[in-house]
Amino acid sequence: MTGRDLLPPALLIGLLALVPWATSSNTMLNFLVTVLIVALAAQGWNLLGGFGGQFSFGHAAFFGTGAYATALLQIRGGVNAWIACLIGIAAGGVVGWVIGVLAFRARLRGSYFALVTLAFAEVLRILTNAADFTGGAAGLLLRLDVRPMNFQFASRAVFYWIALVCVAVVLLLTVMIERGRFGAQLAAVRENEEAARALGVDALAVKLRAITLSAAITAAAGCLYTQYFLYLDANIAYGSWISIEALLAAIVGGIGTVAGPVIGALTLHGLGELTKGFAGDITGVDLVLFGLLLVAAIGFAPLGIVGSLRRLRVVRLSGGAR
Amino acid sequence: MLDVADVSRRFGGLLAVDGASLTVAEGEIVGLIGPNGAGKTTLFAIISGFIAPSKGSIRFEGRDVTREPAHLRARQGIARTFQVVQPFAGLTVRDNIAVGAYLRHPRRQDAINHAEAAARRLGLETMLDRPASDLTVAGRKRLELARALATEPKVLLLDEVLAGLNPSEIRDIIPVIRVIRDGGVTVLMIEHVMQAVMSLCERVYVLAHGRVIAAGVPRDVCADPLVIEAYLGHGAAGRIRAGEVAGA
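Conventions adopted
- Residues numbered from 1 in each chain as written.
- Chains lettered and ligands numbered in written order.
- Predicted model: local features only at pLDDT ≥ 70, side-chain atom pairs only at ≥ 80, totals over all residues.
- Heavy atoms only, no water.
- Helix = DSSP H or I, 4+ residues; strand = E, 2+ residues; numbered from the N terminus.
- Rg over C-alpha atoms; globule rule 2.2 N^0.38 Å.
- Buried < 20%, exposed > 50% of the residue type's maximum accessible area, 1.4 Å probe, protein only.
- Contact = heavy atoms within 4.5 Å.
- Areas by Shrake-Rupley, 256 points an atom, 1.4 Å probe, with all protein chains shown as cover.
- Lys, Arg positive; Asp, Glu negative; His and termini not counted.
- Charge placed at Lys NZ, Arg CZ, Asp CG, Glu CD.
- Polar contact = N/O pair within 3.5 Å; in protein donor to acceptor, adjacent residues only side chain to side chain.
- Pairing = 2+ DSSP bridges.
- Axes fitted to C-alpha atoms, helices over the stretch in contact; angles between N-to-C directions.
- Salt bridge = Lys/Arg side-chain N within 4 Å of Asp/Glu carboxyl O.
- Disulfide = S-S within 2.5 Å.
- pLDDT = per-residue confidence, 0-100.
- Phe/Tyr/Trp six-rings, centres within 6.5 Å; stacked < 30°, edge-to-face > 60°.

Turning to the overall build of chain B, a few remarks are in order. Scanning chain B from N- to C-terminus turns up ten helices and ten strands. The globule rule puts the C-alpha radius of gyration for 248 residues at 18 Å, and the 19 Å found for chain B is close to it. Projecting the C-alpha coordinates of chain B onto the three principal axes gives extents of approximately 65 × 40 × 30 Å. When each of the 248 residues of chain B is scored for burial, the buried share is 51%. Considering only contacts within chain B whose residues lie at least 6 apart along the sequence, 63% involve residues at least 24 apart. Approximately 10600 Å² of chain B is accessible, and the part contributed by carbon and sulfur atoms is 53%. Looking at chain B, you have 30 positive and 27 negative side-chain charges, and the mean spots of the two groups are 3 Å apart.

The structure is reproduced here in structure tokens:
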């Protein structure tokens, strides 16, 4: 691993880490925590969808599992919040592995895989919405008890930094995967599964590893959500909004790139807030913008923001050499 | 080293491979020829583990590998190329070959070094940083070979690596195949370019309608009336002989 690979992500994280010193505005920090949670979910999606080429439309299944496991373990089991989060992440990974075994063993690809993941997320949403154990339609409310022991902090900045550390860890993990054997095999499976198998790649095992890791990362975003907002219901945790935001941030930011999901989440939500500021009270105007951005990204910049910047740089370098 | 015994494969009503048997000894270059649709590629897919045979067995170095999936056979040392080249189009040439090299070298730097060595053997060293989609047909064939070689196989199954190349490209690649064999890799090749079969193969098997109809030294096999008829139709061998007699 060279310094050149790590520099842009490190710069991005360093810059974001300084924000709480620049502003103490709660609105700003609230906004950024939301962005980081979406970014983390998108990083998970990007590992499977971007690097592995398996487009999921149901990452809510993992986000929700992380969120619900964290909340339920604390409310019903009296488990410590930090431990509950770790179990929540593992639970997300397990759900990912199970969906992976069912979908990949049946050789589902492309839209079929996307639809099956969507179906799993919807089934989980309907079940948690109906069952008393999960609080039904009323959802779950965590007891407010602001102590670091409980993963609850008086200062939003502390929580912001913790979320940022999570994003940074996943950035590092992604760089390591991209530069290693697993990443090469994942890319090979994405590009041509037959050829990969001929070269000794166990395609099923590679895809299962990818979906398990991807699910665990997105589940971590769900855990953070629960701890930050201390409330969730089925439509938040398992709602299709998070599936869509995860893939949207990754695609707009740069699919299959290390920093893409983070930049995508920042751009989408930044522009979303701006349009809300301009357009006032029109409900859903930010969603209209998201749709337009997705169309623009697919039409004009299929490699997203990061991919387009990289291409610009290559063009300028080769132009300068001439 | 490779022992294919009485292998059949049925697709619905079509018997694509019908009781075919062949053996390849270590260090040989063996050809597999036959008219289009004879079942050559299907037989390759069975040997490399992409298709399960309906009947028969595959032994490799004395072990029965008939039930092993493709990636495990690659690990054992059976590598194949595809008739229709299958590059990882979005990856660079180096990364394409590295996927093969990672099979025996889990560390990145080792894998890259071995990939670059394989690229040099195939004359691809100037293309390492280019995406595979930039390569010409001949370049893609070389890439296909380099990738398979990077897995450090014991036996290499080549499915028409010369098809679609022009005569000078064919002349360039024939010695490469010989060098690969001299480097200790046994070769089994499907080939239609007879110039290559004649100059490279020590033995050939002829497949027609899924059955092995002839086997032996290339020159004898080409004179075999059964083989001529398989290619040119029933009675062709007789007409050719009659023509030769009349001409003389």
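Before going further, it helps to spend a moment on the environment of Leu266 of chain A. Residue and element names in this part refer to chain A. Mapped onto the secondary structure, Leu266 falls in helix α12 (residues 260-279). Judged by relative accessible area, Leu266 falls into the partly exposed class, the value being 25%. Expressed as a C-alpha distance, the spacing of Leu266 and Phe300, which sit 34 residues apart in the sequence, is 20 Å. The residues contacting Leu266, other than those within four sequence positions of it, are Leu16, Leu32 and Val35.

Let us now look at the side chain of Thr81 of chain B. Residues and elements named next belong to chain B. In this structure, Thr81 sits in the loop between β6 (78-80) and α3 (93-101). With a relative accessible area of 0%, Thr81 lands in the buried category. Within the structure, Thr81 has its side chain in polar contact with the backbone nitrogen of Asp159 (distance 3.1 Å). Apart from residues lying up to four places away in sequence, Thr81 is in contact with Glu144, Leu145, Ala148, Leu157, Leu158, Asp159 and Val161.

Turning to the sheet that holds strand β4 (residues 55-60) of chain B, a few remarks are in order. Residue and element names in this part refer to chain B. If you trace the four strands from one edge of the open sheet to the other, you get β2-β1-β4-β5, paired in antiparallel fashion. Sheet topology places β2 (14-24) and β5 (63-64) at the edges, where each strand pairs with a single neighbour. Bridging between strand β1 (residues 2-11) and β2 involves seven bridges; their strand directions are antiparallel. Looking across to β2, one finds that Arg10 is bridged to Leu15. Along the sheet, helix α1 (residues 40-48) contacts β1, β2 and β4; its crossing angle with β1, the most-contacted strand, is approximately 120°.

Once that is clear, we can look at α1 of chain B. Among the nine residues in α1 of chain B, eight count as buried, and that is most of the element. Listed as buried for α1 of chain B are Lys40, Thr42, Leu43, Phe44, Ala45, Ile46, Ile47 and Ser48 of chain B.

Residues and elements named next belong to chain B. In total, this model carries 17 salt bridges over all chains according to the counting rule given. Among the salt bridges present, the one from Arg147 reaches Glu144, with a minimum N-O distance of 3.5 Å. Taken together, the positions of Arg147 and Glu144, both in helix α5 (residues 137-150) and three residues apart, correspond to about one turn of that helix. The burial state of Arg147 is the same as that of Glu144; both residues are buried. Of the charged contacts, one joins Arg181 and Asp182 as a salt bridge, the two residues approaching to 3.1 Å between their closest N and O atoms.

As a further point, take the state of the cysteines. Taken as a whole, this structure holds zero disulfides over all chains when the rule is applied. The closest cysteine sulfur to the non-disulfide-bonded Cys85 of chain A is located on Cys223 of chain A, 4.6 Å from its own sulfur. Between Cys201 of chain B, a free cysteine, and Cys222 of chain B, which holds the nearest cysteine sulfur, the sulfur-to-sulfur gap is 10 Å.

Right, let's get into the confidence of the model for chain B. Parts of the model with low pLDDT should not have their predicted coordinates read in detail. Here chain B averages 92 in pLDDT, while 99% of its residues score no lower than 70. When mean pLDDT is compared element by element in chain B, α3 of chain B scores highest at 96, while helix α10 (residues 236-247) of chain B scores lowest at 78.

A word on the sheet that holds strand β9 (residues 203-208) of chain B. Residues and elements named next belong to chain B. Strand order across the open sheet formed by six strands is β6-β7-β8-β3-β9-β10, with mixed pairing between neighbours. Of all the strands in the sheet, just β6 and β10 (211-216) have a single pairing partner and so form its edges. Pairwise comparison of adjacent strand axes, ignoring direction, gives a mean angle of 20° for this sheet. Looking at chain direction, β6 and strand β7 (residues 155-159) are connected through three bridges and run parallel. Its bridge partner being in β7, Ala79 is matched across the sheet by Leu156.

As a further point, take the packing of aromatic side chains. Residues and elements named next belong to chain A. In total, this model carries 15 aromatic pairs over all chains according to the counting rule given. Ring centres of Trp21 and Trp161 lie 5.1 Å apart, and the angle between their planes is 45°; on these two criteria the pair is classed as tilted. In this pair, Trp21 is assigned in helix α1 (residues 3-22) and Trp161 in helix α6 (residues 156-178), connecting sequence segments 140 residues apart. For the ring pair Trp82 and Phe151, a centre distance of 4.1 Å and an interplane angle of 5° mean the geometry is stacked. Here Phe151 lies in the loop between β1 (140-141) and α6 and Trp82 lies in helix α4 (residues 81-105), a separation of 69 residues in the sequence.

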